[in-house]
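The residues making up each chain are set out below.
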Amino acid sequence: VRGLPRLLFLDPDGSLRDSISGYKPPAPFLKEVQRIKRNEGTFSGLRAGIAANPDDLDLRLALAKKCRDAGKEDEYDAQVAEIRKRDPEGKSLASRTLRLDEILDARMPDVDQLKAFLATENDPGLLFQGWFITFQVLGFQMSREGDPDVGAKLRTQWLAAARATWKHVPEDRHGDVGNRLAW
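Worth saying up front: this structure is predicted, and the values here are computed from it rather than measured.

Caption draft 1: Spatial organisation of the environment of Gly 125. Here Gly 125 is to be found in helix α7 (residues 124-144). C-alpha of Gly 125 to C-alpha of Asp 77: the two residues are 48 residues apart in sequence and 23 Å apart in space.

Printed below as a string of structure tokens:
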């Protein structure tokens, strides 16, 4: 199970309905509990949505991510396999999100792979996530680099990644991301 502490919510039949991980202040915690009570975005709610519309890859992706976070690797793998089966060319947002997740799952994501992915991407959320991670990885690499010439090249790439990140920052993240980029 990823994320401790973790509070589990069960359906009447004893199956996992949803969970909340980590510490949350009262207002966000209450909002999550109300969402779970309405059965929105829960395991059972997502499964019901998929049963009603098996081709909804976004629902499958949401369920897959929930399963991965809950340690249900078999169900995660099954949903990913279904997404790939239903979108063999990998053109859907769900498939592209999985591709970005695969790149990011590496201990240190490969900047060239990230840039190649981002060069063909058009979704604002994926562009923000990808460029922000690129910015962070390049910053880390720059801070560890001992060769001044390589460090200068990394700094140029890092600044370009900062500019690219800023173009895609969601409005509700302007404050925190803008502060990190400016710093």
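Caption draft 2: Broad picture of unusual backbone geometry. Positive phi values are uncommon outside glycine, yet Asn 39 reaches one of about 65°. Mapped onto the elements of the fold, Asn 39 is located in the loop between α1 (26-37) and α2 (43-52). Judged by relative accessible area, which is 26%, Asn 39 ranks as partly exposed.

Caption draft 3: Fine view of the nonpolar core. Among the nonpolar cores identified, the biggest contains 24 residues, and Leu 100, Phe 117, Trp 131, Phe 135, Leu 138 and Val 177 are the most heavily contacted of them. Of the residues forming this core, the biggest block, nine residues, is contributed by α7. Membership of the second largest hydrophobic core comes to 15 residues, among which are Leu 16, Leu 57, Leu 63 and Tyr 76.

Caption draft 4: Region of interest: helix α9 (residues 174-182). Those residues of α9 lying buried are Val 177, Gly 178 and Leu 181. Looking straight down α9, one finds that the buried residues subtend no more than 100° of arc, so they occupy a single side. Those residues of α9 that are exposed and angled more than 90 degrees off the buried face are Gly 175 and Asn 179. Looking at the buried side of α9, the elements it contacts are α7 and α8 (148-167).

Caption draft 5: Quick peek at the packing of aromatic side chains. Applying the stated criterion to the full structure yields three aromatic pairs. A centroid spacing of 5.5 Å and a plane angle of 15° characterise the contact between Phe 128 and Phe 132, whose relative ring orientation is stacked. On the criterion of helical spacing, the pair formed by Phe 128 and Phe 132 is a turn pair, its members being four residues apart in helix α7. Each of the two residues, Phe 128 as well as Phe 132, counts as buried. A ring pair is formed by Phe 132 and Phe 135, whose centres lie 6.2 Å apart and whose planes are at 10°; its orientation type is stacked. Here the residue Phe 132 and the residue Phe 135 both occupy positions in helix α7, the gap between them amounting to three residues, near one helical turn. With respect to class, Phe 132 is no different from Phe 135; both count as buried.

Caption draft 6: A look at the pairing of strand β1 (residues 6-10). For β1 and strand β2 (residues 16-21), the ladder comprises five bridges, and the chain directions are antiparallel. The residue bridging Leu 8 from the neighbouring strand is Ser 19, located in β2. Following β1, the chain reverses through five residues before pairing antiparallel with β2; Gly 14 in that reversal takes a positive phi of roughly 95°.

Caption draft 7: Broad picture of the side chain of Arg 60. Its place among the elements puts Arg 60 in helix α3 (residues 57-69). The side chain of Arg 60 sits in the buried core without any salt bridge; Glu 82 is the nearest counter-charge, 4.2 Å away. When residues no more than four places from it in sequence are discounted, the contact partners of Arg 60 are Ile 50, Pro 54, Gln 79, Glu 82, Ile 83 and Arg 86.

The rules behind these values
Residues numbered from 1 in each chain as written. Predicted model: local features only at pLDDT ≥ 70, side-chain atom pairs only at ≥ 80, totals over all residues. Heavy atoms only, no water. Helix = DSSP H or I, 4+ residues; strand = E, 2+ residues; numbered from the N terminus. Buried < 20%, exposed > 50% of the residue type's maximum accessible area, 1.4 Å probe, protein only. Core = buried A, V, L, I, M, F, W, Y, C linked by side-chain atoms within 4.5 Å. Arc of directions from axis to C-beta. Contact = heavy atoms within 4.5 Å. Phe/Tyr/Trp six-rings, centres within 6.5 Å; stacked < 30°, edge-to-face > 60°. Pairing = 2+ DSSP bridges. Lys, Arg positive; Asp, Glu negative; His and termini not counted. Salt bridge = Lys/Arg side-chain N within 4 Å of Asp/Glu carboxyl O.

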